[in-house]
Amino acid sequence: MSPDTKQNGKVELKRELGLFSAINLILAVMIGSGIFISPASALLHSGSVGMCIIVWAVCGVISLLGALAFAELGTVVPRSGAEYAYFVDSFGPLHPFWGNLPAFLASWIYVVVLRPAEVAVIVLTFAEYFCQPILDALCIKDLALGDHLKKSVAILALGIMTYINASSVKLYVRIQNIFSSFKVVACLIVIFGGVYELARGNTTNLSRGFEGTNFHPGSMALAFYSGLWAYDGWSAVTTVTEEIKRPEVNIPRSISISVPIVTLLYVFMNIAYMTVLSIPEMISSPAVAVAFGERVLGPFAFLIPVGVALSTFGCALSVQFGVTRLCYVASQDGNMLRSMSFVHVRKLTPAPAVITQGVIAFIFIVVGNIVALIEFASFFIWIFYGAAMISLLILRRTMKHVPRPYSVPLWIPIFIALVAVFLSVVPIVTEPSIKYLFSIGFIVLGTLVYYWFVYKKRRPKIMNKVTYFIQVLFEAVPPHED
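Residues numbered from 1 in each chain as written. Predicted model: local features only at pLDDT ≥ 70, side-chain atom pairs only at ≥ 80, totals over all residues. Heavy atoms only, no water.

A look at the overall build of the chain
A count of helices and strands for the chain gives 20 helices and two strands. The globule rule puts the C-alpha radius of gyration for 482 residues at 23 Å, and the 23 Å found for the chain is close to it. Overall, the chain is about 70 × 55 × 45 Å in size when its C-alpha atoms are taken along their principal axes. Here the chain holds 482 residues, and the buried ones make up 57% of them. Of the contacts made within the chain by residues no fewer than 6 positions apart, 82% connect residues no fewer than 24 positions apart. Looking at the chain as shown, the accessible area adds up to about 20500 Å², and 69% of this sits on carbon and sulfur atoms. Computing the positive centroid from 33 side-chain charges and the negative centroid from 25, the chain places the two 9 Å apart. (Helix = DSSP H or I, 4+ residues; strand = E, 2+ residues; numbered from the N terminus. Rg over C-alpha atoms; globule rule 2.2 N^0.38 Å. Buried < 20%, exposed > 50% of the residue type's maximum accessible area, 1.4 Å probe, protein only. Contact = heavy atoms within 4.5 Å. Areas by Shrake-Rupley, 256 points an atom, 1.4 Å probe, with all protein chains shown as cover. Lys, Arg positive; Asp, Glu negative; His and termini not counted. Charge placed at Lys NZ, Arg CZ, Asp CG, Glu CD.)

Okay, here's the thing in structure tokens:
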């Protein structure tokens, strides 16, 4: 056994993430590929350079407020799992059947579909930016061969990150810190490129200011909608609360530091883009940062694809790390397979949950056409954020005697709940689609699974053999076992 295991005689997850690692976890999840590839949606809907900058700044402030509300929840409910854990403690006691349903549905959507599909898409993006320069250098024009190579590289990258997360939390922390630093450097390269262009007097695009601003309420709503989605990931640190050192201190601090950093990076990167590229060029470009690099960096333009590849790998690694902790906690409560809460006896990682997430993501990569899957599942993210704000209000009444080293003013959870309603309604109103019917169908299916296997506690006899097989295969035991 490891030294930590020998020291306290228990097999359990350890608190390995300090303040610096918690900051890097948030940066890793928030800064993916979007700000490099397709940041122009807010510009398209706002219509002007000036309004676009305001949208990005305001969305950063809103994200910070939501993250601070989650920080209070993380200190009141010191469990991993983020929304899931908060739903259990707030809604669970309210009703024997309906009370636990929101928590189950959150784990059902995040664990089974949304997060592994996100990991699959992100590693495919990594493979695209890793392979394309190689294909260009070798003058390979065969599209079928290129797609096969990219998919193979994506599967290899998925295997590497799954191995990292299954092997050691300390290894994950070290690699995550390195990749988060690289992605910040990639952002700074773009920003300093924009500063250089401004110093040369290239102010034509920015001088247009608010010219062409689209003040139509629907367009403004879509601009803020796209901006807030770009900032998603600010709750990442509360997904791993049980592995944060001094969470009552480091969760609020990490959020207060990382979200403003991302806001500054996003605002100044967009200013840099709009300094060099016109509005039509930004909107029509398939990869804005690459077009920017070709225009500004010259022979060093390759740094942008490298930065995107590093950013996406680190993002996928951290998304997988977080969702395995949600799976781990939900399994402890009986909302997922019990074996998903088992911990490797030596490595002290939730190895069964990590490998399961790797397998699901692998299936999504092989099957393909998963962007639509994410679109229908991600519809629920802000619904869960809004429900978490209601959880905060409930817990202030039901757990009012629990020490709160940190709390937010009452208006913040109310405001974020209203924002959540807005972000849930806007896509339905502006773009009605059958995918929302699939969303409802997936919820109904989850409710049936919950009723039969969780509420009624029906357990097929074969599950005993499955649990034994997983326990032997992964050398894993229930946590806290001597």
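Moving on from the coordinates now.
Describing the confidence of the model for the chain
Mean pLDDT over the chain: 87, with 95% of residues reaching 70 or higher. For the chain, the element scoring lowest by mean pLDDT is helix α1 (residues 3-8), at 46; helix α6 (residues 83-90) scores highest, at 94. A low-confidence stretch, residues 1-7 stays under pLDDT 50, and its non-local contacts, those more than four residues away or across chains, total 13 contacts. (pLDDT = per-residue confidence, 0-100.)

Observations regarding unusual backbone geometry
One non-glycine residue, A82, adopts positive backbone phi at about 50°. With respect to the helices and strands, the residue A82 is situated in the loop between α5 (49-76) and α6. Taking the relative accessible area as the measure of exposure, A82 reaches 1% and is therefore buried. Even without being a glycine, L348 presents a positive backbone phi close to 55°. Mapped onto the fold, L348 is located in the loop between β1 (343-344) and α15 (351-367). A relative accessible area of 6% places L348 in the buried class.

Overview of the packing of aromatic side chains
Under the defined criterion, the tally for this structure stands at 28 aromatic pairs. Between the aromatic rings of F87 and F384, the centroid separation amounts to 6.2 Å while the plane-to-plane angle is 55°, which identifies the pairing as tilted. Of this pair, F87 sits in helix α6 while F384 sits in helix α17 (residues 381-398); the two residues are 297 residues apart in sequence, bridging distant segments of the chain. Of the residues examined, F87 reaches a relative accessible area of 1% and is grouped as buried. According to the relative accessible area criterion, F384 is buried, its value standing at 7%. Ring centres 5.9 Å apart and planes at 80° place the aromatic pair Y225 and W229 in the edge-to-face group. Placement of the pair is Y225 and W229 together in helix α10 (residues 217-230), with a separation of four residues, close to one helical turn. We classify Y225 as partly exposed; its relative accessible area is 21%. Here the aromatic cluster, defined as three or more aromatic residues joined through ring pairs, consists of F97, W98, F104, W108, F442, Y450, Y451 and Y455. (Phe/Tyr/Trp six-rings, centres within 6.5 Å; stacked < 30°, edge-to-face > 60°.)

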